[in-house]
Amino acid sequence: VPCMAHRCWSTTRTNGMSKTTSHRTAMARRTVWWCALLLCTCACASLEGLRERAEALQPWLVVTRRDLHAHPELGFALSRTTRVVADALRGMGVHDVRYVARNGGVVAEVGRGKPTVVLRADMDALPLQESADNPVKSTVDGRMHACGHDAHTTMLLGAVRLLQERYNASNRAAQGAAEVEEELCPIDPEGSHCGSEKKWPGGTVRFVFQPAEEGRGGAKAAIEDGVMDGAGGTYAIHVWPWLRSGAMATRSGPIMAGAAFFEISIMGRGGHAAAPHATIDPVPAAAAII
């Protein structure tokens, strides 16, 4: 089930807001949307505290997105990107982390049992030169995150962090552990909002960081490695610059364009230039197809 969220670049101004404030606010909102989609799907669990916690993660989200944006990689060759993602996941305490899709993708899980819900983000950039003159532009000539996949990856990492915290809190609460808030809130240890709702709705969340979305078959390779096995539902969000900040949009059926490649052979028949009527000229046929 794909959704579209407002795209807010750090190099623009939106609705009169400063570029930094606008970008951070949008990133926190999108992180909450991931979790809201998931938790409502699992059991309509309370969303209390999620937005506040996401807003507390803003500095980390912005730094992560800008780092990914400055170091774009293409196709399946995402060695640095996958390392950043895997290290971040393990740093959150996510133990079930593995590489898929020719080692260009990363999969992690939080929770246990059924149902299994998949949240997916793409990670690859495009072979374009970034012309913007700002301190967070691409540092690699001929490569740029022009489609927002750096934001998608960051959004999903934020969702993992929120849900891993809630899952840990649920387990600690079930064991009667005390002082959960202090342990789970390294960014804002004094915040009373963190972990305020400790109930895990049940089931498993599988996070899929997909490579090679830009027409290179990354989804097929990931599916062949089992990322969809046992999944009861799948969600993805794509940034979309034509929506107002803070808005989401979706619909039944297809919503995003896809890229496909094919070849056409036009067979003609040669002849003499003085008798073109006796030939079969492929040029007009090719022009008509175009």
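Residues numbered from 1 in each chain as written. Predicted model: local features only at pLDDT ≥ 70, side-chain atom pairs only at ≥ 80, totals over all residues. Heavy atoms only, no water.

A.B. asks: Explain the overall build of the chain to me, please; I cannot follow it from the model alone.
C.D. replies: Broken down by element type, the chain carries 8 helices and 7 strands. Classification of the 290 residues of the chain by burial places 45% in the buried group. If you sum the accessible surface of the chain, you get close to 14600 Å²; carbon and sulfur atoms cover 54% of it. (Helix = DSSP H or I, 4+ residues; strand = E, 2+ residues; numbered from the N terminus. Buried < 20%, exposed > 50% of the residue type's maximum accessible area, 1.4 Å probe, protein only. Areas by Shrake-Rupley, 256 points an atom, 1.4 Å probe, with all protein chains shown as cover.)

A.B. asks: Looking at this structure, how should I read the environment of P135?
C.D. replies: Along the chain, P135 falls in the loop between β4 (116–122) and α5 (149–174). You can call P135 exposed: its relative accessible area is 85%. For P135 and A70, which are 65 residues apart along the polypeptide, the C-alpha to C-alpha distance reads 9.1 Å.

A.B. asks: Whenever I open this one, the confidence of the model for the chain confuses me. Can you help?
C.D. replies: For any part of a model where pLDDT is low, the fine detail of the predicted coordinates should not be relied upon. The pLDDT averaged across the chain works out to 81; a share of 74% of its residues lies at or above 70. The least confident element of the chain, judged by mean pLDDT, is helix α6 (residues 180–184) at 49; the most confident is helix α4 (residues 79–91) at 97. Contacts of residues 6–21 to residues separated by more than four positions or lying in other chains number 43 contacts, the stretch itself having pLDDT below 50. Confidence drops under a pLDDT of 50 for residues 40–45, and excluding neighbours within four residues, the segment shows 10 contacts in the predicted structure. (pLDDT = per-residue confidence, 0-100. Contact = heavy atoms within 4.5 Å.)

A.B. asks: Would you explain the side chain of E73 in this entry?
C.D. replies: Among the secondary structure elements, E73 is positioned in the loop between α3 (58–70) and α4. It is R143 that comes nearest to the buried, bridge-free E73 among opposite-charge side chains, at 5.6 Å. Within polar-contact distance, the side chain of E73 engages the backbone nitrogen of R80 at 3.1 Å. A polar side-chain atom of E73 sits 2.7 Å from a polar atom in the side chain of T81. Apart from residues no more than four positions distant in its own chain, E73 is found in contact with L78, S79, R80, T81, D124, A125 and R143. (Lys, Arg positive; Asp, Glu negative; His and termini not counted. Salt bridge = Lys/Arg side-chain N within 4 Å of Asp/Glu carboxyl O. Polar contact = N/O pair within 3.5 Å; in protein donor to acceptor, adjacent residues only side chain to side chain.)

A.B. asks: I'm lost on the pattern of salt bridges in this one. Help?
C.D. replies: Once the charged atoms of two side chains with opposite charge are near each other, the side chains can pair. By the definition in use, this model includes 8 salt bridges. E55 is the salt-bridge partner of R51, the closest N and O atoms lying 3.2 Å from each other. Remark: E55 and R51 occur in helix α2 (residues 50–56); sequence separation between them is 4 residues, near one turn of the helix. Between E165 and R53 there is a salt bridge, with its nearest N and O atoms 2.6 Å apart. Linking E165 in helix α5 with R53 in helix α2, this pair joins segments that are 112 residues apart in sequence. Of the two residues, E165 and R53, both sit in the buried class.

A.B. asks: Explain α3 here, please?
C.D. replies: Look at α3: 18 Å from first C-alpha to last across 13 residues, which is about the 18 Å you get at 1.5 Å a residue. Listing the buried residues of α3 in full gives Q58, L61, V62, T64, R65, L68, H69 and A70. (Expected span 1.5 Å × (residues − 1).)

A.B. asks: Before we go on, may I ask you to explain the packing of aromatic side chains in this structure?
C.D. replies: The way to describe two aromatic rings as a pair is by their centre distance and the angle between their planes. Evaluation of the coordinates by the stated rule reveals 1 aromatic pair. The positively charged end of R102 is found above the aromatic ring belonging to F76, 4.0 Å away from the centroid. The ring of W60 is capped by R161, whose NZ or CZ atom sits 4.8 Å from the centre of that ring. (Phe/Tyr/Trp six-rings, centres within 6.5 Å; stacked < 30°, edge-to-face > 60°. Lys NZ or Arg CZ within 6 Å of the ring centre and 35° of its normal.)

A.B. asks: What should I look at first to understand a nonpolar patch on the surface in this one?
C.D. replies: Among the surface-exposed residues, F262, I264, I266 and I289 lie close enough to one another that they form a single nonpolar patch of about 430 Å² accessible area. Note on placement: I264 falls in the loop between β7 (248–249) and α8 (282–289). (Patch = residues over 30% accessible without salt bridge, like charges linked within 9 Å, V, L, I, M, F, W, Y side chains within 5 Å.)

A.B. asks: Hey, could you run me through the nonpolar core in this one?
C.D. replies: Grouped burial of nonpolar side chains is what soluble globular proteins tend to show. Core analysis: the biggest nonpolar cluster contains 26 residues, and L89, V94, F207 and F209 have the highest contact counts within it. Within the residue set of this core, elements represented by two or more residues are α4, β3 (105–112), β4, α5 and β5 (203–210). Among residues more than four places away in sequence, those in contact with L89 are V94, V97, V106, A108, L157, V160 and F209. Ranked by size, the runner-up nonpolar core spans 10 residues in total, among them V208, A212, A221 and V227. (Core = buried A, V, L, I, M, F, W, Y, C linked by side-chain atoms within 4.5 Å.)

A.B. asks: Honestly, the side chain of N134 in this entry has me stumped. Any pointers?
C.D. replies: Tracing the chain through its elements places N134 in the loop between β4 and α5. The buried category is assigned to N134, whose relative accessible area is 14%. A distance of 2.9 Å separates a polar atom in the side chain of N134 from the backbone nitrogen of V136.

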